[in-house]
Amino acid sequence: MSEVVKVSMDIRVEELKDKSLWEPIPESEKMGAEALTAPQVTFWGDVWRRFRKNRLAVIGLVLLVIILLFALVGPLVSPYPYDKQDYNAILEPPNFAHPFGTDYVGRDLFTRVMYGARISLAVGFLAAMVQLVIGVLYGGISGFMGGKVDEIMMRIVDIMYAIPILLIVILLMVVLGPGLVNIFLALGFFYWLGMARIVRSQILTLKEEEFVLAARVLGASTKRLLLRHLIPNAMGPVIVTVTLNIPNAIFTEAFLSYIGLGVSAPMASLGSLASDGVEYIRTAPWLMLFPALTIALIALAFNFVGDGLRDSLDPRLRR
Amino acid sequence: MGRFIVRRLALMVIALWVVVTVTFFLAHMIPGGPFDREKPVPEAIKKNLEEKYHLNEPMWKQYILYLNDIIHGDLGPSFKYPDRTVNDIIKESFPVSAQLGFWAVLIATFVGISLGSISALHQGGLIDSFSMFFAILFISLPSFVIAPIFQYIFGVKLHWLPVANWGSWEHMILPALSLALGPTAVIARLTRASMLEVLSNDYVKAAKARGLSGLRVLIVYALKNALIPVVTYLFPLIAAIFTGSFVVEKIFNIPGLGRYYVTSIYNRDYTVILGVTVFYAAFLILMNLLADITYALLDPRIRYE
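So, here is what we can say about the structure in this document.

What counts and how
Residues numbered from 1 in each chain as written. Chains lettered and ligands numbered in written order. Predicted model: local features only at pLDDT ≥ 70, side-chain atom pairs only at ≥ 80, totals over all residues. Axes fitted to C-alpha atoms, helices over the stretch in contact; angles between N-to-C directions. Helix = DSSP H or I, 4+ residues; strand = E, 2+ residues; numbered from the N terminus. Left-handed = near helix turned anticlockwise from the far one by under 90°. Contact = placed C-beta atoms within 7 Å. Nonpolar A, V, L, I, M, F, W, Y, C, P; charged D, E, K, R; others polar. Buried ≥ 20, exposed ≤ 12 C-beta atoms within 10 Å, placed from the backbone. Expected span 1.5 Å × (residues − 1). Bend = angle between axes of the 7 residues up to and from the residue.

**Details of the packing of helix 4 (residues 55-72) of chain A against helix 6 (residues 109-145) of chain A**
Residues and elements named next belong to chain A.
Stage number 1. Between helix 4 and helix 6, the shortest axis-to-axis distance is 8 Å and the interhelical angle comes to 115°. As for the relative orientation of helix 4 and helix 6, their crossing is left-handed in sense. Facing helix 4, whose interface residues are I67, F70 and A71, helix 6 presents M114, A117, R118 and L121.
Stage number 2. For the contact of helix 4 with helix 6, the class distribution of residues is 6 nonpolar, no polar and 1 charged.

So this is what it looks like as structure tokens:
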């Protein structure tokens, strides 16, 4: 042992003999020290704090709430039923009685757009559910089991993924016939594929982490490992993907309704409303404009929120 | 690498077979026969027709015949217009769609890459916020919304360009732009994100430190690597533009394959729907394959398992 170290150790021992060091800290000093520690912030609290600072994301969230109110509460308070024809008010431009104008049989477009937005949101909700339930579980199980099971499950996804979804959905709609339930079936059948892939790759990385090993050593069951440790930790990318995929599902429904495979008349979806409006684009442009704007606003809201969520869930990605 | 491509090819063949099989059996689920019209066809003629199209054979034999036809590239007749086959329709109208698609892809890649690069260079600046705001806006507008709006503004209101139809280059501008706008926004975002990543690399900093101009660093050093995700998006982009053309061709009354497809859906011309679906599916599956292969070729970090 060198001389220098020996000396410093001697000093240390001297220090420890100092009685005052062993006295309890006065109460006042304790309070001051405690006040300096920051309140504990949970992960989601932190996410919310970052989300709130993102102006576009907050605008998106507000927009989403307004759209929700418009679609869910609007039809309840609207004075017109969506299918009531009024031959005294045909093709009226936007005015006080009809804020979005009326269509070629005098139906109130404002009310019809509300119902259309309802359908769009329902489709978005369904797409989110399909991804969250089927996609997350399928990908989770595949990634967790590994080996042969993973191989087979992923080959099935690969093959289904290679199939152009839109074409098969169109075909299914041609065979099943138009209608909202059939759209739900056709979309639900395919919408979980991308999510299954994302969750699987998340689980594959998480599986190797030490906290999972620790849980396993402590005797956690497969179900507990999956539901309590793996899936919650994969939730960030899952939520972002769900939010950003919702506009796609909404577009698909609108597209199907647009080419006449969606909901049947007199019910209206934003797609079929826009499609009907195209014929009147010279004489009554509002018929096309308002449904189109509504659908764009819905997509915009989800995209803003999704982008904001991505930035706030993973600040490393933020640029 | 060879094994990877073989695996992908096998996957593609299986996917195609699934599509063909699904289409075949879905077609047989459609209620009513193809010759059931409002005015019934005489029994003898119906019998002859069914014989001609092998509809009197058992299901499995029809399936084999159908597979055989498809392998030989025969997509079948149109039951609504008996003098035309699906192959005729595709031969006639696909070049139109391809021409339109080509210009849309060109616009989208050129404008998208330029906007993305400029935004990345001026990160956080006015140009950046401005173009990224418009990017997210255009991603939120489906082509069936953009197309009528363009039609209304530039055709009906301003009279700058023809409202619809096909013929001269002027007819192409609005539909090509309607198709390109969404993909342009996607490419701009992709380019910006990957450009920012590349620009923070040491070799770019070294190039800057050696005193090279910003533009030279961007074009010679950064762009090549930053474009990898963009190039791999190119094939899905072509696929997206072709599906987008279903509606855009319908709206602008362009005699392309997309319009025929949508019209055959309106008319419930089942054989044309099936034939064109198989054709589109083959096309899109091929695009997926090309995307996978270019990705593997360009990015050596991809493992070919």
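**Things to note about the interface of chain B and chain A**
Stage number 1. Each partner contributes residues to the interface: chain B has 40 residues there, and chain A has 36 residues.
Stage number 2. Among the elements of the structure, helix 1 (2-29), helix 5 (126-139), helix 6 (143-157), helix 10 (228-251), helix 11 (257-267) and helix 12 (270-298) of chain B are those that each provide at least two residues to the side of chain B that touches chain A.
Stage number 3. With 10 residues, the top contributor of residues to the side of chain B that touches chain A is helix 1 of chain B.
Stage number 4. Grouping the amino acids of the side of chain B that touches chain A by side-chain chemistry returns 33 nonpolar, 7 polar and no charged.

**What to know about the environment of M195 of chain B**
Residues and elements named next belong to chain B.
Stage number 1. Mapped onto the fold, M195 is located in helix 7 (residues 170-199).
Stage number 2. Overall, M195 belongs to the buried group, with 27 C-beta atoms counted inside 10 Å.
Stage number 3. For the pair M195 and R216, spaced 21 residues apart in the sequence, the C-alpha separation amounts to 14 Å.
Stage number 4. Those residues in contact with M195, other than ones at most four positions away along the chain, are G116, S117, A120, A222 and A226.

**Section: helix 10 of chain B**
All names here are of chain B.
Stage number 1. Here helix 10 spans 34 Å end to end across 24 residues, near enough to the 34 Å set by a 1.5 Å rise per residue.
Stage number 2. The largest bend in helix 10 amounts to roughly 40° and is located at S245.
Stage number 3. Across the 24 residues that make up helix 10, a large majority, 18, are buried.

**Observations concerning unusual backbone geometry**
Stage number 1. One non-glycine residue, N253 of chain B, lies in positive phi territory at about 55°.
Stage number 2. Judged by the 13 C-beta atoms lying within 10 Å of it, N253 of chain B is partly exposed.

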